[in-house]
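Chain residues, written in single-letter form:
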Amino acid sequence: MDIDTLAEAARDLLRRAPADFVAERTARQRSIRKDDRDLAAAIGKLRKPAPAAWVIDLLAQDGSLDEAVDLGPAIRDAQAGADPKEIAALRRRRSGVVGALAQAGAALAEDAGHPVTAAVLDQVRATIEAAMADPHAGAAVRSGLLVQPLESAGFDDVDLDGALAVPDAVPDAWSGSDAPPIPIDDARRARKVRRASRPEPEPEPEPERDPAADRRAARQAETTARTESRDADAALDGAERELAAAEERRAELQRDLDRATAEIERLEHARDDAEAASDQARELLAAAQQHRRALSR
């Protein structure tokens, strides 16, 4: 199956209003099942976008997010250099760009007949800011394949797990466990180098220690850790049981889906046979009518 073909189909579906997504996905899947079963199956697995992600995908369609994403490296460099004036100026510009894009996204959603709430627009703003903060997130929002909003947490990488409909179609956003992120630029590396090169502050003199208090604190810490360990083990056991049950439910649903797919194919074949028989019957009827008219002359 061609990833680019799947990505284009996903982009087209993700730009549809979330309320219409499932029906559109089903129609698209059925229309291509005969020609490409693998692609049809992959389309059937595409997830419905969250409203904020839908708005972002609408903005990505015509490149509206480019200015915001391109502003990201300048902001990251200014923060790394700790230039207060430059940071303040860039933050004002960022605020203006984010506000204008959120307003544009709201207008696009309203034009599509599905206006979004203020809470959704807050998520749209947070997603755009995340795209400025992290180049991988920038690649994700530009792709037009977003299915969930993003959020930036300081200098940490933006969590992109599950954020894209077709992750393999956006290698610049990849951050899987088996492969390092693909470097888009050296902004984060440069920031870390500059921070590491700053002189370390002189250490504060340590206060005099009380051995008895230290032992009491150590015993208390051990007791707390033991309790937390037991609680964590119990939570792990419960999570494993729930996961096993969920896996079994998923297997049952997959079996039901396989049976339903086979039944659909059987009914489609039956419909095709019935249509052919109907056409043949109409042809026989027309021939019989023509023969009768010829005899009555």
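Only a predicted model underlies this, so the values are computations on that prediction, with no experimental measurement involved.

1. Notes on the overall build of the protein chain
Helix and strand counts for the protein chain stand at 10 helices and 0 strands. Moving toward the C terminus, one meets the helices and strands of the protein chain in the order α-α-α-α-α-α-α-α-α-α. By residue count, 28% of the 297 residues in the protein chain fall in the buried class. Partitioning the intrachain contacts of the protein chain with sequence separation of at least 6 by distance along the chain shows that 66% fall at a separation of at least 24.

2. A few points about the packing of helix H7 (residues 118–133) against helix H8 (residues 135–142)
Closest axis-to-axis distance for the H7/H8 pair is 5 Å, and the angle between their directions is 130 degrees. With respect to H8, the axis of H7 lies oblique. Contacts from Thr127, Ala130, Ala131 and Ala133 in H7 reach Pro135, Ala137, Gly138 and Val141 in H8. Looking at the contact of H7 with H8 residue by residue, the classes come out as 6 nonpolar, 2 polar and no charged.

3. Re the environment of Gln123
Its place among the elements puts Gln123 in helix H7. On a C-alpha basis, the gap between Gln123 and Leu150 in space is 7.6 Å, while along the polypeptide they are 27 residues apart. Every residue in contact with Gln123, bar those within four places of it in the chain, is listed here: Ala52 and Pro149.

4. Let's talk about helix H6 (residues 84–111)
With 28 residues, H6 should reach 40 Å at 1.5 Å per residue; the first-to-last C-alpha distance of 40 Å fits that figure. Buried within H6 are the following residues: Ile87, Leu90, Val97, Val98, Leu101, Ala102, Gly105 and Ala109. Positioned one or two residues after H6, Gly113 has a phi angle of 85 degrees, which is positive.

5. Examining the nonpolar core
Ile128, Leu146 and Leu150 are the most contacted members of the largest nonpolar core, which has 54 residues in total. Sort the elements by how many residues they give to this core and helix H4 (residues 51–61) lands first, with 8 residues. Beyond its immediate chain neighbours, meaning those up to four positions away, Leu150 contacts Ala126, Thr127, Ala130, Ala137, Val141, Val158, Asp159, Leu160 and Ala163.

6. Regarding the pattern of salt bridges
Oppositely charged side chains are able to pair whenever their charged atoms sit close together. This model, assessed by the stated rule, comprises 11 salt bridges. Residue Asp12 is joined to Arg16 by a salt bridge in which the shortest nitrogen-to-oxygen separation is 3.1 Å. Classification of Asp12 by relative accessible area gives partly exposed; the value is 21%. The residue Asp122 makes a salt bridge to Arg125 at a minimum N-O spacing of 2.9 Å. With a gap of 3 residues between them, Asp122 and Arg125 both fall in helix H7, about one helical turn apart.

7. Here's the deal with the confidence of the model for the protein chain
In this model, the protein chain carries a mean pLDDT of 79, and residues with pLDDT of at least 70 account for 78%. Of all the helices and strands in the protein chain, helix H9 (residues 187–197) carries the lowest mean pLDDT, 40, while H4 carries the highest, 94. Across residues 175–198, confidence stays below pLDDT 50; counting only partners more than four residues off in sequence or on other chains, it has 34 contacts.

8. With respect to the side chain of Asp134
Relative to the assigned elements, Asp134 resides in the loop between H7 and H8. What makes Asp134 buried here is its relative accessible area of 2%. Among the polar contacts listed, one links the side chain of Asp134 to the backbone nitrogen of Val158, at a separation of 3.1 Å.

9. Section: the side chain of Ser143
Residue position: Ser143 is located in the loop between H8 and H9. Using a relative accessible area of 10% as the deciding quantity, one classes Ser143 as buried. When residues no more than four places from it in sequence are discounted, the contact partners of Ser143 are Arg11, Leu164 and Val170.

10. Some remarks on the packing of helix H1 (residues 3–14) against helix H2 (residues 18–32)
The relative placement of two packed helices comes down to the angle between their axes together with the axis-to-axis distance. The contact between H1 and H2 brings their axes to 10 Å, and the two run at 145 degrees. Both H1 and H2 take part in a crossing whose hand is right-handed. Residues Ala9, Asp12, Leu13 and Leu14 of H1 form the contact with H2, whose own contacting residues are Phe21, Glu24, Arg25 and Arg28. Its residues placed into classes, the contact of H1 with H2 shows 4 nonpolar, no polar and 4 charged.

11. Considering the environment of Ala53
Mapped onto the secondary structure, Ala53 falls in helix H4. Each C-alpha atom, one on Ala53 and one on Gln123, is 8.5 Å from the other, the two residues being 70 residues apart in sequence. Once residues lying within four places of it in the same chain are set aside, the contact partners of Ala53 are Leu146, Val147, Gln148 and Pro149.

Procedures and definitions
- Residues numbered from 1 in each chain as written.
- Predicted model: local features only at pLDDT ≥ 70, side-chain atom pairs only at ≥ 80, totals over all residues.
- Heavy atoms only, no water.
- Helix = DSSP H or I, 4+ residues; strand = E, 2+ residues; numbered from the N terminus.
- Buried < 20%, exposed > 50% of the residue type's maximum accessible area, 1.4 Å probe, protein only.
- Contact = heavy atoms within 4.5 Å.
- Axes fitted to C-alpha atoms, helices over the stretch in contact; angles between N-to-C directions.
- Parallel < 35°, antiparallel > 145°, perpendicular 65-115°, else oblique.
- Nonpolar A, V, L, I, M, F, W, Y, C, P; charged D, E, K, R; others polar.
- Expected span 1.5 Å × (residues − 1).
- Core = buried A, V, L, I, M, F, W, Y, C linked by side-chain atoms within 4.5 Å.
- Salt bridge = Lys/Arg side-chain N within 4 Å of Asp/Glu carboxyl O.
- pLDDT = per-residue confidence, 0-100.
- Polar contact = N/O pair within 3.5 Å; in protein donor to acceptor, adjacent residues only side chain to side chain.
- Left-handed = near helix turned anticlockwise from the far one by under 90°.

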